[in-house]
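# Geometric and topological summary
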Amino acid sequence: MALHQNEVPVNEGLVRSLLDEQCPQWAGLSLSPAGAGTDNIMYRLGSDLLVRLPRTADKARPLRKEQEWLPRLAPLVACSVPEPLHAGMPTTAYPLPWSIYRWIDGDEAQPDTVQDWSAFGTDLAAVVRDLHRIDLMGATRTGDLSWYRGGHLRACDEWISRCLTDCRATVGGEIDVETLERLWREALAQPEPSGPHGWLHGDLRPTNLLVQDGRLHAIIDFGGLSIGLPDAEHSTVWDLPPQARHAYWDAVGLDDLTWTRARAWAIAVGASGISYYWHTYPEFVAECRSRLQAILTDAATR
């Protein structure tokens with residue numbers, strides 16, 4: 001199902017044609033669907049490769065920065081990250097850039113794959129700390145390395161307020177949107193962060209965290225890779241069980257003000273996801289609803 005306007009249709013036949021034309025050395029390998037997210041459609045190629053095809057021209061922009069920066073960041077991150085192997089060129093049939101990566105074995109972080117959620121939260125915190133401390137290597141918060149989640153909350157207020165209004169109309173009978181809006185406003189009233197910029201993954205939700213033998217093994221999908229302030233990076237811990245969230249908080253050493261802003265970013269991402277994908281992507285809407293409910297439950301106990 002198309003999720004965005006101007007989405008380019010993708011199917012196995014199209015992928016085969018791209019491989020035949022541009023990667024004949026891999027064209028004979030088996031091909032099977034490997035998932036579809038909000039930005040990309042994926043196919044597993046043989047046993048060792050992954051083909052990733054952006055849904056729209058806007059979603060294709062991150063491929064360039066992944067191909068440029070992931071090889072430089074990978075040796076400095078204490079877990080596996082995607083390894084770009086081929087930068088696919090646009091064609092008449094598929095007028096967008098695409099890419100091939102080395103396949104990373106692992107399962108999404110879920111209750112049946114993680115052995116110890118406290119240890120998982122601590123491990124994730126260690127990776128995030130390492131990423132944020134990596135030298136910028138001349139990169140700046142410009143162009144494709146500038147994303148809203150590395151900026152200030154107030155810049156998003158008008159947009160997120162509309163999304164909260166949408167949520168009130170759609171899920172307001174099941175989720176306390178009034179409290180979510182109050183928490184959002186409380187964060188906006190706080191001083192904006194002024195710390196140094198660092199490298200950000202941008203979207204550390206469980207589907208981008210791969211597990212092996214019950215422990216964090218890899219972080220995938222660096223489409224949100226950017227330079228900026230770290231508050232929004234911490235927002236996805238509300239997608240994890242409380243044990244992981246609290247272990248992460250303690251390991252990173254987040255103060256109450258940073259926690260408040262991170263929670264507001266989690267509200268922003270959840271509310272905007274419900275607003276945008278309400279009619280097209282029910283699974284993602286359910287994920288956003290769970291995040292917002294976790295925020296409310298957590299706020300009631302703090």
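Details of the structure are given in the entry above.
The structure contained in this document is the topic of the report that follows.

Scoring rules and cut-offs
Residues numbered from 1 in each chain as written. Predicted model: local features only at pLDDT ≥ 70, side-chain atom pairs only at ≥ 80, totals over all residues. Heavy atoms only, no water. 1 Å grid on protein atoms, 1.4 Å probe; cavity = no way out; pocket = protein on both sides within 12 Å on 5 of 7 lines; lining within 4 Å. Points joined across faces, edges and corners; volume = space filled by probe spheres on them. Nonpolar A, V, L, I, M, F, W, Y, C, P; charged D, E, K, R; others polar. Salt bridge = Lys/Arg side-chain N within 4 Å of Asp/Glu carboxyl O. Helix = DSSP H or I, 4+ residues; strand = E, 2+ residues; numbered from the N terminus. Buried < 20%, exposed > 50% of the residue type's maximum accessible area, 1.4 Å probe, protein only. Phe/Tyr/Trp six-rings, centres within 6.5 Å; stacked < 30°, edge-to-face > 60°. Lys NZ or Arg CZ within 6 Å of the ring centre and 35° of its normal. Pairing = 2+ DSSP bridges. Contact = heavy atoms within 4.5 Å. Axes fitted to C-alpha atoms, helices over the stretch in contact; angles between N-to-C directions.

We now examine the layout of surface pockets. For the second largest pocket, the calculated volume is near 280 Å³. Taken together, 14 residues form the lining of the second largest pocket, with Q110, P206, D239, L240 and E287 sitting closest to its centre. For the lining of the second largest pocket, the class distribution of residues is 8 nonpolar, 3 polar and 3 charged.

Looking now at the pattern of salt bridges. All told, the structure shown has 24 salt bridges when counted by the stated rule. K59 is the salt-bridge partner of D39, the closest N and O atoms lying 3.4 Å from each other. Placement of the pair is D39 in the loop between β1 (31-36) and β2 (40-45) and K59 in helix α2 (residues 57-73), with a sequence separation of 20 residues. For D39, a relative accessible area of 24% puts it in the partly exposed group. Note that R154 is salt-bridged to E192, the shortest N-O span being 3.6 Å.

Under the definition given, this model contains 11 aromatic pairs. Taking the centre distance of 6.1 Å and the plane angle of 50 degrees together, the rings of Y148 and W265 count as tilted. Within this pair, whereas Y148 is found in the loop between α3 (117-133) and α4 (157-170), its partner W265 is found in helix α7 (residues 256-277), the two being separated by 117 residues in sequence. Overall, Y148 belongs to the partly exposed group, its relative accessible area being 25%. Geometry around W103 places R44 over its ring, the cationic atom sitting 4.0 Å from the centre.

Strand order in the open sheet made by the 3 strands is β6-β8-β9, with antiparallel pairing throughout. Looking at the sheet topology across the chains shown, the edges are occupied by β6 (107-108) and β9 (215-219). As defined by bridge partners, β6 adjoins strand β8 (residues 209-212) across 2 bridges and the pair is classed as antiparallel. By the bridge assignment, E108 is partnered in β8 with L210. Against the sheet, α3 contacts β8 and β9, and its axis sits at roughly 35 degrees relative to β9.

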